[in-house]
Amino acid sequence: MSKKYLYKVYSGVNTFSNFPAGNEFRFSAENFSPQIQIQIGDIIVAYSNPGTFCILEITGTEGYNLSAVKNLELFKEKFINFDSGTSILELTEIDYSNLLVELLLKFSTISPEDNTENISTSQIISSFAKWLNAKPKNNYFDNDYIKTVSFLTKLQEKYSEIYSKDIFDVDFDDLDNFIEKINTNIWDQSTDFWRYSEAASNHQPRAILNKDNYQAFLKEFKYKRNHNFQPKNTIYYGAPGTGKSYRVDQIIKDLDPKYFERVTFHPDYDNASFVGGYKPVSQKNEKGDEEIGYRFVPQAFSTIYSRAWQDPTHQYYLVIEEINRGNCAEIFGEIFQLLDRNSEYTVTPSRELREHLLKDFSDNPEHEGIRKGLKLPSNLHILATMNTSDQSLFPMDSAFKRRWEWEYVLICYDPKTEEDRDNLSFGYEIELPDGTKYRWIDFISKINNNHIKNNPSLGMDKCIGNYFIKPDSGNFISLKPFISKVIFYLWNDVFKDEDNKVFESNGSYEDFFPIASAGVTKVKELFERIELSPISVYAERDEEYQLGQVAEENQTVEN
């Protein structure tokens, strides 16, 4: 491992400021006191008053003559006291890291919530450097943050020298023209910048500023700023059939499938099913023969986690249906801590998961999605549905619950929903074999409001939602699915052990069979008990009401 040193450059000695960042140069170690053996790869932080710090990487040694590359030059009003006769000190890794953090404070990152009028060029450089280092298949600067900042600082100086414009002084309000100007400058073969870029690692400066890198970074930042997406963990809950899954569908319906993963929890679902684990797979050996081996197979969480980190310009969604039908504590495991989006929690992944993600992140151990452990990216949202009426399921503890936003999905009895969308169920009709029809919306209104909600041992959880059953033809719900789904639910899950006026006393669900004969009679009797009238009766009442209104208007005119 390379060693780190702090070197005090005394007055009258070259302060290294004359050497350009990124270029190799030679200097003498004769002024080192005490004399120490410097090795290739060692780092020297050369310090001189009033506060100039040059970070040098040793590239060659020959006696007192050292070759080095100046990775970065930083300025901070900081006095460091050296003992008399001492000019160089060895730093521990912790001391070196702490010094860098202090010196790099001005290179803070930016977020979409920042006021772009107050963003400094140093912040742009720092954020772009981290963006480059986290980019998949990025081989720039060995994913080293210091080297990246150093290169960008040098690029900033050269671009300003040629065009009298700071490339990192961004006009976010006119970004399209700003980017167009960059493109014009970096592709003009008649300019000094073209010649500089061509001579520097075969157009690496141009590559850094092109549409795949700097320009993509700027567009991504502006996109996030305009949309200001806040990562959410949301559970949509309510009575069965209220349209919880439909609510989620409206969010992801127009997305390419690669932007979401959808799973359903159940009692046998476990952490390996959710995150991933070793599974037997068929593979060919060195001789080309098929054999059974084991490898890590990622599941929904690992897959969407990796995709979201590798594509920060798009929003990704993990959808969990029936979240309370599985044992959430077992399924989420240590990932549970990551659900707190307002914290900086990270979680150490299993060895096999880390190896899988490392491969996805182009073997970059400094990638933000793995560097300090697992951390949910800001563009990954988790949406879940929960049926509040389900019984004998796994309870959620309070710590788990408070990490979610809870959105109750109401039953709607009106033609329009709260979001001003059409309530499709408003036009559903229950059609009996003899041609008699009943409004579905009237049926659930009477059952829910007159027979379930007013029962203290039942309540809203047992109500029937708008889409508890779907029409089997057009807007018509036929008798067979109505009895097998709706009547069965009411009998078995709602009123079985309750005093009620919906079912006959001493009656049973079997009384509705055979459906073609007994079913029609029993359903009509049930409708009468809950005071649900056929559509024809409602139509007659509406006609009588309209005639009455006309008569009243005529009476007024005559008077």
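Because the structure is predicted, anything quoted here is derived from the model rather than measured.

A. Spotlight on the overall build of the chain. Looking only at helices and strands, the chain has 17 helices and 16 strands in total. By the burial criterion, 45% of the 559 residues in the chain qualify as buried. Long-range contacts, defined as pairs at least 24 residues apart, comprise 68% of the intrachain contacts of the chain with a sequence gap of at least 6. As displayed, the chain offers around 29500 Å² of accessible surface, 46% of which is attributable to carbon and sulfur atoms.

B. Here's a closer look at the confidence of the model for the chain. For the chain, the average pLDDT comes to 85, and 87% of its residues sit at 70 or higher. The least confident element of the chain is helix H17 (residues 535-558), whose mean pLDDT is 54; the most confident is strand S8 (residues 260-264), at 97.

C. Structural view of the environment of Ile119. Following the sequence through the fold, Ile119 ends up in the loop between helix H1 (93-103) and helix H2 (121-134). The class of Ile119 is buried, set by a relative accessible area of 15%. The spatial distance from the C-alpha of Ile119 to the C-alpha of Asp169 is 8.7 Å, given a sequence separation of 50 residues.

D. Molecular detail of the sheet that holds strand S13 (residues 405-408). The strand order across the open sheet built from five strands is S8-S11-S12-S7-S13, with neighbouring strands paired in parallel fashion. Because the sheet does not close on itself, it has two edges, and the strands there are S8 and S13. Across the sheet, the axes of successive neighbouring strands diverge by a mean angle of 20 degrees, strand direction being ignored. As defined by bridge partners, strand S7 (residues 233-238) adjoins strand S12 (residues 380-387) across six bridges and the pair is classed as parallel. Note that in S12 the partner of Tyr236 across the bridge is Thr385. Contacts between helix H8 (residues 244-252) and the sheet are confined to S7, S8, strand S11 (316-321), S12 and S13, with S12 contributing the most and set at about 160 degrees to the helix.

E. Main features of helix H3 (residues 145-163). For H3, which comprises 19 residues, the first-to-last C-alpha distance of 26 Å matches the rise-based estimate of 27 Å (1.5 Å per residue) to within 8%. By the burial criterion, the buried members of H3 are Tyr145, Ile146, Thr148, Val149, Ser150, Phe151, Leu152, Thr153, Leu155, Gln156 and Tyr159. Once H3 finishes, Ser164 follows within two positions and takes phi at roughly 55 degrees, a positive value.

F. The arrangement of the pairing of strand S4 (residues 52-62) in detail. Looking at chain direction, strand S3 (residues 43-48) and S4 are connected through six bridges and run antiparallel. Directly across from Tyr47, in S4, lies its bridge partner Phe53. Looking at chain direction, S4 and strand S5 (residues 65-75) are connected through ten bridges and run antiparallel. Bridge assignment links Leu56 to a residue of S5, and that residue is Lys70.

G. Summary view of the packing of aromatic side chains. Throughout the structure, instances matching the rule amount to 41 aromatic pairs. A centroid spacing of 5.8 Å and a plane angle of 35 degrees characterise the contact between Phe274 and Phe301, whose relative ring orientation is tilted. Highlighted residues: Phe274 in helix H9 (residues 271-274) and Phe301 in helix H10 (residues 300-310), separated in sequence by 27 residues. With respect to burial, Phe274 and Phe301 carry one shared label: buried. Seen from the ring of Tyr96, Lys4 lies directly overhead, with NZ or CZ sitting 5.4 Å from the centre.

H. Quick peek at the side chain of Arg206. Relative to the helices and strands, Arg206 is located in helix H6 (residues 204-209). One buried charged residue, Arg206, forms no salt bridge at all, with the nearest opposite charge on Glu198 at 7.6 Å.

I. Up close: helix H4 (residues 175-186). In this model, H4 (twelve residues) spans 17 Å end to end at C-alpha, consistent with the 16 Å of a helix rising 1.5 Å per residue. For H4, the set of buried residues is Leu175, Phe178, Ile179, Ile182, Asn185 and Ile186. Projected down its long axis, H4 carries its buried residues within an arc of 120 degrees, all on one side. In H4, the exposed positions angled more than 90 degrees off the buried face are occupied by Asp176, Glu180 and Lys181.

J. How the structure looks around the packing of H10 against helix H12 (residues 351-360). The contact between H10 and H12 brings their axes to 10 Å, and the two run at 35 degrees. As for how H10 packs across H12, the hand of that crossing is right-handed. Facing H10, whose interface residues are Ser302, Tyr305, Ser306 and Gln310, H12 presents Leu353, Leu357 and Asp360. Residue composition of the contact of H10 with H12, by class: three nonpolar, three polar and one charged.

K. Representation of the nonpolar core in the model. Ranked by size, the top nonpolar core spans 47 residues in total, and within it Phe128, Leu209, Tyr214 and Leu218 carry the most contacts. Take this core: its biggest share by element is seven residues, from H3. Beyond its immediate stretch of four places on either side in the chain, Tyr214 contacts Ile124, Phe128, Ile167, Phe168, Val170, Phe178, Ile182, Ile208 and Leu209.

L. Spotlight on the packing of helix H15 (residues 479-494) against helix H16 (residues 515-529). Two elements in contact, H15 and H16, have axes whose closest approach is 10 Å; the angle formed by their N-to-C orientations is 60 degrees. One finds that H15 runs oblique with respect to H16. Between H15 and H16 lies a crossing of left-handed hand. Together, Leu479, Lys480, Phe482, Ile483 and Ile487 of H15 and Ile515, Gly519, Val520, Val523, Leu526 and Phe527 of H16 make up the contact between the two elements. For the contact of H15 with H16, the class distribution of residues is nine nonpolar, one polar and one charged.

M. Region of the structure containing unusual backbone geometry. Looking along the chain, the bond that leaves Ser33 and enters Pro34 is cis, with omega of 0 degrees. For Pro34, the position within the fold is in the loop between strand S2 (24-28) and S3. Omega for the bond connecting Phe513 with Pro514 falls within 30 degrees of zero, at -5 degrees, which places this linkage in the cis form. Relative to the helices and strands, Pro514 is located in the loop between H15 and H16. A positive phi angle, near 55 degrees, is found at Ser164, a position not held by glycine. With respect to the helices, strands and loops of the structure, Ser164 is situated in the loop between H3 and H4.

Thresholds, definitions, all that
- Residues numbered from 1 in each chain as written.
- Predicted model: local features only at pLDDT ≥ 70, side-chain atom pairs only at ≥ 80, totals over all residues.
- Heavy atoms only, no water.
- Helix = DSSP H or I, 4+ residues; strand = E, 2+ residues; numbered from the N terminus.
- Buried < 20%, exposed > 50% of the residue type's maximum accessible area, 1.4 Å probe, protein only.
- Contact = heavy atoms within 4.5 Å.
- Areas by Shrake-Rupley, 256 points an atom, 1.4 Å probe, with all protein chains shown as cover.
- pLDDT = per-residue confidence, 0-100.
- Pairing = 2+ DSSP bridges.
- Axes fitted to C-alpha atoms, helices over the stretch in contact; angles between N-to-C directions.
- Expected span 1.5 Å × (residues − 1).
- Phe/Tyr/Trp six-rings, centres within 6.5 Å; stacked < 30°, edge-to-face > 60°.
- Lys NZ or Arg CZ within 6 Å of the ring centre and 35° of its normal.
- Lys, Arg positive; Asp, Glu negative; His and termini not counted.
- Salt bridge = Lys/Arg side-chain N within 4 Å of Asp/Glu carboxyl O.
- Arc of directions from axis to C-beta.
- Left-handed = near helix turned anticlockwise from the far one by under 90°.
- Nonpolar A, V, L, I, M, F, W, Y, C, P; charged D, E, K, R; others polar.
- Core = buried A, V, L, I, M, F, W, Y, C linked by side-chain atoms within 4.5 Å.
- Parallel < 35°, antiparallel > 145°, perpendicular 65-115°, else oblique.

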